[in-house]
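Commentary on secondary and tertiary structure
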Amino acid sequence: SRNTEIKVTIKDLLKVFIEETKPHQLYFWLAVFGSAVRAFGYVLLPVYIKKIFDVFLLQESKEILIPVVFKLFALALTIRIIGWIHSNILFFSLSKLESKVMPALKRRAFEYVTRHSHEFFSNTFVGSLVSKINKFAKSYELFIDRFIIDVVSTFIQVGSIIYIVGQTSYIFSLIILCTACVFIFVNIVFSRIKKPSDIHANEVESKVTGYLADSIANNNTVSLFAAHDFENENFRKETKDQEIALWKKWSIGSLLDGLQGLVIIVGDFAVLYYAIVLWEQNMITIGTIVMFQLFMSGLTIKLWDFTRVIRQLYEAYADVYEMMHIFKTPHEFIDQPHAKKYIVQKGTISFDHVNFAYNAQGNNILNEFTLDIQAGEKIALIGSSGAGKSTYVKLLLRLYDPQSGSIKIDGVNIQDMTLDSLHLAIAVVSQDPILFHRTLMENIRYGKRDATDEEVYEAARRAHADEFIRKFPQGYDTFVGERGVKLSGGERQRVAIARALLKNAPILILDEATSALDSESERLIQDAFATLMQGRTSIVIAHRLSTIRHMDRIVVIEEGAIVEEGTHEALLKKKKGIYAKLWNMQAGGFLKEN
Ligand code: ADP
């Protein structure tokens, strides 16, 4: 739905490109200058060659002609060398400009994309996002190259050729002008017709890339489910779409090529025919005919290039269309204009009559949810799967905003504080933490980027991570593999606990692992959790009853509302209570979900 609301135009793209080019505009203008002078050189050269030919045909003695020819020769050579120098200015400036701007564009895309919401990332393939960012930066190269090398020089060349041939007969100018106009017109019309299919082809391409990345990332699962044939079949469908999209895109391109060839033939022969007519009337020299031929063949090449340019510009636009769309999608969660930096000291949390649904039409996931948590209190949230426990956490982290009701920390509405201050106040240890493909040292230090090595070791010791880290040959310099795959679940969780210890936030959210760990790592993790919870407001999403007996309060949630709360002992006393029932059913074991 959102997709249809946002319109991306070429103006949006140019705005971004111009903004990023501005700081380096010296190189831009140098390149334009180089390209312009070079183009003049290309036009002037045939003029001097014509003059040389005209001299050859004069009925004078060689002694008189030779100095004249050599003078013209020297002039032609000078023009050629000036052209060569400017050609170098052009390409060096372009290299400098593009090497500055392309990384800047990537930075811009990165900075914008990473500020998008949790929801955005839930709905977007990582692989296709990466490919969009790359294509976006790459397209700048194409745009600038084509604009400066081709557009600038084509206009100068065509313009001055029209002027020069007009000196002989304006009819020539007219023929060339018409040919060029028809040519470019046909091109623009076709490129416009082709644009939707370019954009479609790119969307399909992004989908294929996304599918590829997702499937490959899950390849272990694919094998374990013996699903290779299934995946192959799905992938075949995706690539089939691509076949159709590419055929559409390219066949329109070929049709255009055909038409343009025809325009060129007509223009070429019209000039030749008219030259013959003038020759018959003795109105034109051999030198002039040679010059026209040189002009025409140069012009034909130029126009062909130019049409390719227009097409490429349109294609590049299609390439960046998706990225521009992301740029124009406003960040879902931005700091309110009045939001303040706020340092959370105590860590009281209150939910007051919060109502929330993931989508406007959908069911309420939280219903009039009200819960006050004191500073330093330790709360266990339990309830069947789908009850709304994680949703509670997501709202507290402001990954979503509630439809009504308020959420306050230390008495301040979380919408009135900046997102950064909110997120600095809360440490989260999820049940299956994902780590950066960086060293263990860097992963732990992420909790406090200026921590000393000693502080990192200390945190790791307290989290019981130090012992297993030291066993790796490379210790803290060990890379953990993409998403942390080289560590076991328990190890990853202990790294995440160490990271949270360093972060030292007043509020802590723990998502207990649902799967059983061996009793040794279970003991280590529980111990690390206990260390981490000291002196912090802690919310534990609990899956096991055994681990929550000592919490200050146990909150039982069903269908987005609190149905019971109290200490372990108090809840057990309610013989008909849900908690008592669960406890009796599986004392010490896992909570049965569903
Ligand atoms: P719990 O953590 O208690 O198992 P959750 O809070 O994760 O439950 O989920 C509560 C309900 O919200 C579930 O029915 C789930 O399907 C739904 N839900 C969770 N995330 C989303 C989402 N991003 N979009 C739509 N519905 C969601």
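Not measured: the values here are computed from a predicted model. (Residues numbered from 1 in each chain as written. Predicted model: local features only at pLDDT ≥ 70, side-chain atom pairs only at ≥ 80, totals over all residues. Heavy atoms only, no water.)

Side note on the nonpolar core
To keep it simple, the criterion reads: Here, the term nonpolar core denotes a set of buried Ala, Val, Leu, Ile, Met, Phe, Trp, Tyr and Cys residues that are joined through side-chain atoms within 4.5 Å. For the exposure calls, accessible area comes from a 1.4 Å probe over protein chains only, and a residue counts as buried if that area is under 20% of its type's maximum, exposed if over 50%, partly exposed in between. Helix and strand labels come from DSSP, where a helix needs a run of H or I of at least four residues and a strand needs a run of E of at least two; each type is numbered from the N terminus. The criterion used for residue contact is that any of the two residues' heavy atoms lie within 4.5 Å.
Core analysis: the largest hydrophobic core is formed by 46 residues, its most contacted members being Ile382, Ile444, Ile497, Ile548 and Tyr579. Examining the composition of this core, we find that seven residues originate from one element, helix α16 (residues 489-503), more than from any other. Those residues in contact with Ile497 that sit more than four places away from it in its chain are Val429, Ala463, Ile525, Ala528, Phe529 and Leu532. The next biggest cluster of nonpolar side chains, apart from the first, holds 43 residues, and it includes Val32, Val152, Met324 and Phe327.

Observations concerning the site of the ligand
To keep it simple, the criterion reads: Here, proximity means that at least one heavy atom of the residue falls within 4 Å of the molecule or strand. Distance and chemistry together define a polar contact, namely a pair of N or O atoms within 3.5 Å, with one atom able to donate a hydrogen and the other to accept it when in protein, and with adjacent residues in sequence counting only for side-chain atoms on both sides. For every accessible area listed, the method is Shrake-Rupley and the probe measures 1.4 Å; residues are considered covered only by the protein chains on display. Lys, Arg, Asp and Glu make up the charged group, whereas Ala, Val, Leu, Ile, Met, Phe, Trp, Tyr, Cys and Pro make up the nonpolar group; the residues left over, Gly among them, are polar.
By nearness alone, every residue bordering the ligand is listed as Tyr358, Ile365, Ser384, Ser385, Gly386, Ala387, Gly388, Lys389, Ser390, Thr391, Lys394 and Tyr400. Contacts to the ligand include Gly388, whose backbone N or O atom sits 2.9 Å from an oxygen atom. For the ligand, an oxygen atom lies 2.8 Å from a polar atom in the backbone of Lys389. Relative to its free-state accessible area of 560 Å², the ligand is covered by the protein chains to the extent of 63%. Among the residues forming the shell around the ligand, the class breakdown is four nonpolar, six polar and two charged.

Examining the environment of Ile525
For Ile525, the location among the structural elements is in helix α17 (residues 519-533). Since its relative accessible area comes to 1%, Ile525 is described here as buried.

Description of the side chain of Ser197
If you trace the backbone, Ser197 turns up in helix α7 (residues 170-217). Among the residues examined, Ser197 registers a relative accessible area of 9% and is labelled buried. Beyond its immediate stretch of four places on either side in the chain, Ser197 contacts Lys248, Lys249 and Ile252.

A word on empty space enclosed by the protein
Rolled over the atoms, a probe sized like a water molecule indicates the empty space that remains. Keep this limit in mind: Every definition here rests on a 1 Å grid over the protein atoms only: cavities are sets of points where a 1.4 Å probe fits but cannot get out, pockets are open sets enclosed by protein on both sides within 12 Å along at least five of seven lines, and lining residues have some atom within 4 Å of a point. Grid points are joined across faces, edges and corners, and a volume is the space filled by probe spheres set on the points.
Evaluation of the coordinates by the stated rule reveals three cavities of 30 Å³ or more. Taken as a whole, the largest cavity holds about 50 Å³ of empty space. The set of elements that each furnish at least two residues to the lining of the largest cavity consists of α7, α9 (228-280) and α10 (286-328). Here the lining of the largest cavity takes four residues from α10, the largest share from any one element. Here the lining of the largest cavity is built from residues that sort into five nonpolar, two polar and one charged.

A word on the sheet that holds strand β7 (residues 507-511)
Applied cut-off: When DSSP locates at least two bridges between a pair of strands, those strands are taken to pair. Here an angle of 0 to 180 degrees is reported between the N-to-C directions of two axes, which are lines fitted to C-alpha atoms, with helices fitted over the stretch in contact.
Pairing in this open sheet of six strands is mixed, and the strands run β6-β7-β8-β3-β9-β10 from one edge to the other. Of all the strands in the sheet, just β6 (426-429) and β10 (561-566) have a single pairing partner and so form its edges. Here the average twist between neighbouring strands, direction ignored, is 20°. Sheet strands touched by helix α11 (residues 389-396): β3 (378-382), β6, β7, β8 (537-541) and β9 (553-558). Its angle to β8, the strand with the most contacts, is close to 145°. Running over the sheet, α17 touches β3, β6, β7 and β8 and is turned about 160° from β7.

Regarding the sheet that holds strand β1 (residues 349-356)
With antiparallel pairing, four strands are arranged side by side in an open sheet as β2-β1-β4-β5. Whereas interior strands pair on both sides, the edge strands pair on one side only; in this sheet they are β2 (366-373) and β5 (412-413). Direction of pairing for β1 relative to strand β4 (residues 404-409): antiparallel, over a ladder of five bridges. The residue of β4 that forms the bridge with Phe351 is Ile407. Contacting β1, β2 and β4, α11 runs over the sheet at an angle of about 110° to β1.

Regarding the packing of α7 against α10
Applicable threshold: Should an angle fall under 35 degrees it is called roughly parallel, over 145 degrees roughly antiparallel, and 65 to 115 degrees roughly perpendicular, with every other angle called oblique. In a left-handed crossing the near helix is turned counterclockwise from the far helix by less than a right angle, and in a right-handed crossing that turn is clockwise.
Put simply, α7 and α10 touch, their axes get as near as 8 Å, and they point 25° apart. Relative to α10, the element α7 lies roughly parallel. Here α7 runs over α10; the crossing is right-handed. Of the residues assigned to the contact of α7 with α10, the class counts are 18 nonpolar, five polar and nine charged.

A few points about unusual backbone geometry
Residue Ala226 is not a glycine yet carries a positive backbone phi of 45°. Counting through the fold element by element, Ala226 comes out in the loop between α8 (219-224) and α9. Positioned with a positive phi, Asp410 is a non-glycine residue whose angle comes to about 50°. Its location among the elements puts Asp410 in the loop between β4 and β5.

Considerations on the packing of helix α6 (residues 126-168) against α7
Remark: α6 packs on α7, axes separated minimally by 14 Å, with the N-to-C direction vectors making an angle of 175°. Relative to α7, the element α6 lies roughly antiparallel. Of α7, the residues touching α6 (which contributes Gly127, Ser128, Ser131, Lys132, Lys135, Val158, Ile161, Ile162, Val165 and Gly166) are Tyr170, Phe172, Ser173, Ile176, Leu177, Ala180, Asn202, Glu205, Ser206, Thr209, Gly210 and Ala213. Across the contact of α6 with α7, the residue classes break down as 10 nonpolar, nine polar and three charged.

Looking at helix α2 (residues 10-21)
Basically, it comes down to this: Given a helix with a known number of residues, its expected span is that number minus one, times 1.5 Å. Directions are taken from the helix axis to each C-beta atom, and the arc is the one they span.
Taking 1.5 Å per residue, 12 residues should reach 16 Å; α2 reaches 16 Å between its end C-alpha atoms and fits that length. Residues of α2 that are buried include every one of Asp12, Leu13, Val16, Phe17, Glu20 and Thr21, and no others. For α2, the angular spread of the buried residues around the axis is 165°, confining them to a single face. In α2, the exposed positions that point more than 90 degrees away from the buried face belong to Lys11 and Lys15. Tucked inside the fold, the buried residues of α2 contact α3 (25-56), α4 (62-113), α6 and α10.

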